[in-house]
Amino acid sequence: MSVFLQTLHTMQQDPRVQVMRQFRHHYFTNTYEHCCHVAIYSYLLARRFHLKIDEEALVRGALLHDYYLYDTRTMPISNFRHGISHAEAAALNAAADFDLTEREKQIIRSHMWPLNLTKLPRSKEALLVCIADKCCARRELTRWKRHAASRRLQFAPKPAPTALSA
């Protein structure tokens with residue numbers, strides 16, 4: 001089994017990581033599912049471009065990049081404030097619960113670049129997670145928009161029959 005899969009499986013089984021299942025993320029996913037998607041997509045990007053990476057750091061950083069551990073719907077902060085502050089909250093929480101390397105902490109802190117202009121990705125792994133996070137978020141949000149549009153169509157009032165259609 002590859003280092004990527006072994007680390008992914010081990011981290012996914014950790015009860016501290018499982019806690020992320022309770023926090024909704026991008027409407028139809030939770031932070032756990034989103035972070036798993038980001039980890040896998042990051043790895044696939046690295047493979048696609050034949051990049052030599054630290055697979056363990058990539059997985060750990062990706063799985064913990066949204067380890068902020070709060071429900072955004074109940075927090076008294078705007079979406080923008082959450083966007084610029086949650087990476088640091090995730091890094092602090094992850095460092096408190098896991099023995100992280102500096103690279104892993106940097107992956108977590110920089111995943112919201114360019115929104116956080118001063119938190120540049122400083123490794124291939126950090127850049128991969130940053131890109132994968134945007135791609136996965138876009139896909140999750142697009143799925144929500146499609147669902148919302150289909151619900152509007154499904155429950156739209158039927159047009160009244162006209163004399164011509166009778």
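Computed from a prediction, not measured in an experiment: that's the story for all the values here.

Caption draft 1: Quick look at the overall build of the chain. When you go through the chain residue by residue, the secondary structure sums to seven helices and two strands. Secondary structure elements in the chain, listed N-terminal to C-terminal, are α-α-β-β-α-α-α-α-α. When each of the 166 residues of the chain is scored for burial, the buried share is 42%. In the chain, once contacts between residues fewer than 6 apart in sequence are set aside, the share between residues at least 24 apart is 64%.

Caption draft 2: Focus on unusual backbone geometry. Going from W113 to P114, the amide bond is cis rather than trans, its omega being 10°. Within the secondary structure layout, P114 lies in the loop between α6 (102–110) and α7 (124–154). Unusually for a residue other than glycine, H50 sits at a positive phi of about 55°. Counting through the fold element by element, H50 comes out in the loop between α3 (31–48) and α4 (55–64).

Caption draft 3: Structural view of the nonpolar core. By size, the foremost hydrophobic cluster in this structure holds 33 residues, and its most contacted members are V17, L63, L64, Y67, F98 and I108. Breaking this core down by element, the ones donating at least two residues are α1 (3–13), α3, α4, α5 (79–97), α6 and α7. Residue contributions to this core peak at eight residues, all from α3. Here L64 is in contact with M11, V17, A90, A94, F98, L100 and I108, once residues within four sequence places are set aside.

Caption draft 4: Region of interest: the packing of α1 against α4. The contact between α1 and α4 brings their axes to 8 Å, and the two run at 35°. Classified by chirality, the crossing of α4 by α1 is right-handed. Contact residues: α1 offers V3, F4, T7, L8, M11 and Q12, while α4 offers E55, E56, V59, R60, L63 and L64. Across the contact of α1 with α4, the residue classes tally to seven nonpolar, two polar and three charged.

Basis of the calculations
Residues numbered from 1 in each chain as written. Predicted model: local features only at pLDDT ≥ 70, side-chain atom pairs only at ≥ 80, totals over all residues. Heavy atoms only, no water. Helix = DSSP H or I, 4+ residues; strand = E, 2+ residues; numbered from the N terminus. Buried < 20%, exposed > 50% of the residue type's maximum accessible area, 1.4 Å probe, protein only. Contact = heavy atoms within 4.5 Å. Core = buried A, V, L, I, M, F, W, Y, C linked by side-chain atoms within 4.5 Å. Axes fitted to C-alpha atoms, helices over the stretch in contact; angles between N-to-C directions. Left-handed = near helix turned anticlockwise from the far one by under 90°. Nonpolar A, V, L, I, M, F, W, Y, C, P; charged D, E, K, R; others polar.

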